[in-house]
Amino acid sequence: MKIGIDGIVLQNQVAGSHRYFEQLATGLGDFDHRNNYAVFANLQMLRAESLPRQSNFFYKHVNTSRWLPDALQQQLFTAWNAFGDLDVLHSAVFVPPLWYRRPSVATIFDLTYDIFPETTSRMGRLWWQLFGRAGIARACRIITLSESTKRDLQRRFGVASEKIRVTYPCVRAIFKPVSDTYAVAAQYHLPSQYILFVGTLERRKNIPTLIRAFAQARRIGGFDHALVLAGQRGWLYADIFRAVEELGLEQHVRFLGYVPDEDLPALYSRADLFAYVSLYEGFGLPPLEAMACGAPVLVSNVASLPEVVGDAGVLVSPRDTPAMATEIARILADDDVRAEMRVRGLARAQQFTAQRFIEQTLQVYQDATRN
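Residues numbered from 1 in each chain as written. Predicted model: local features only at pLDDT ≥ 70, side-chain atom pairs only at ≥ 80, totals over all residues. Heavy atoms only, no water.

(A) Quick peek at the overall build of the protein chain. The secondary structure content of the protein chain amounts to 15 helices and 13 strands. A compact globule built from 371 residues should have a C-alpha radius of gyration of about 21 Å, and the protein chain, at 21 Å, falls within 12% of that. For the protein chain, the C-alpha atoms occupy an extent of roughly 65 × 40 × 35 Å along the three principal directions. The buried share of the protein chain, reckoned over its 371 residues, is 58%. Restricting the contact set of the protein chain to residue pairs at least 6 apart, pairs at least 24 apart contribute 68%. Within the structure as shown, the protein chain displays about 15800 Å² of accessible surface, and the carbon and sulfur contribution to it stands at 49%. (Helix = DSSP H or I, 4+ residues; strand = E, 2+ residues; numbered from the N terminus. Rg over C-alpha atoms; globule rule 2.2 N^0.38 Å. Buried < 20%, exposed > 50% of the residue type's maximum accessible area, 1.4 Å probe, protein only. Contact = heavy atoms within 4.5 Å. Areas by Shrake-Rupley, 256 points an atom, 1.4 Å probe, with all protein chains shown as cover.)

Following this line, the structure appears as structure tokens:
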């Protein structure tokens, strides 16, 4: 087969969608040498060192403009046959072009624009309204990263179960326990003990609630840990900084900004607790990465996050601040609890393999061509 991988919308902030795109391309390069792949993306994405360079991969630089919305540029692109007709086009981070009539696959990460529109940008909501529902209907097959998102598609969009395939992402090899973390600690001026969050600073991540729970946990447990937040600013982040100021936590909450992937394993490995209490996630790679690095993990008990951590982490309601604070204080107070969580987390992370991810994705391509 000749398979197109569409990554045209990836031109702005580095987020989970970028990681999925690179994980997909890298995995296909590692495990599939029979099919040919035409990858469409802008030059910045195509320069990634992780992308395969073998002979069955072809790359088409799409000259995107930061003045036009990502989704509009992807919908207007027409040169999908630059390397010959495609057997299937996989729009890896958005819906396929509505006019595209050959077999297509779409990866739908989540339904944030539909379920939590107040946490998203006005422009993003507009393009989702214009293209989202129609694109989902147009795709021959849909990939979701969790059973939770599959249920959302069935319930809210009426998508038939047989059209959807859940393919869990994998944890990349760089995410593993790191013993020598001194250089990263010095570079980011990390405190000796800390609770960690990794992700885009945006309203959906529920960070103000985490900050309030952190403040309460400090009073309950009397610990000296800091709260370290690693990630670039996204949409509607002002209430995060306001919560820190209102609670007088300026000396105890650290904002690192964007942290490159190569530094994250050490950051995870040093953490006494990784906390990710998002209101909604289609999957949630950071908790998986944290477990793979040996960090104890506390996550929300909603959407896909229970699927990610299984029985390896602690689940809390994302809206119950006192319960969240109690669990944080309990975990930090007990070395044995944290040690057990580390062991369970490492075992859990090993279940998310690249080979299974790619094998399941290839099966979706086969199914789409038979549509």
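Right, picking up where we left off after that structure.
(B) The pairing of strand E11 (residues 273-276), seen in detail. Because side chains alternate across E11, one face comprises the buried residues Leu273 and Ala275, and the other comprises Phe274 and Tyr276, equally buried. Sheet topology places strand E8 (residues 194-198) next to E11; two bridges connect them, and they run parallel. Looking at the pairing, leucine 196 lines up with phenylalanine 274 of E11. In terms of strand pairing, E11 meets strand E12 (residues 297-300) through three bridges, oriented parallel. Bridge pairing links alanine 275 to leucine 298 in E12. Of the crossover connections in this fold, the one passing from E11 over helix H11 (residues 285-292) to the parallel E12 is right-handed. (Pairing = 2+ DSSP bridges. Right-handed = clockwise from strand over helix to strand, strands pointing away.)

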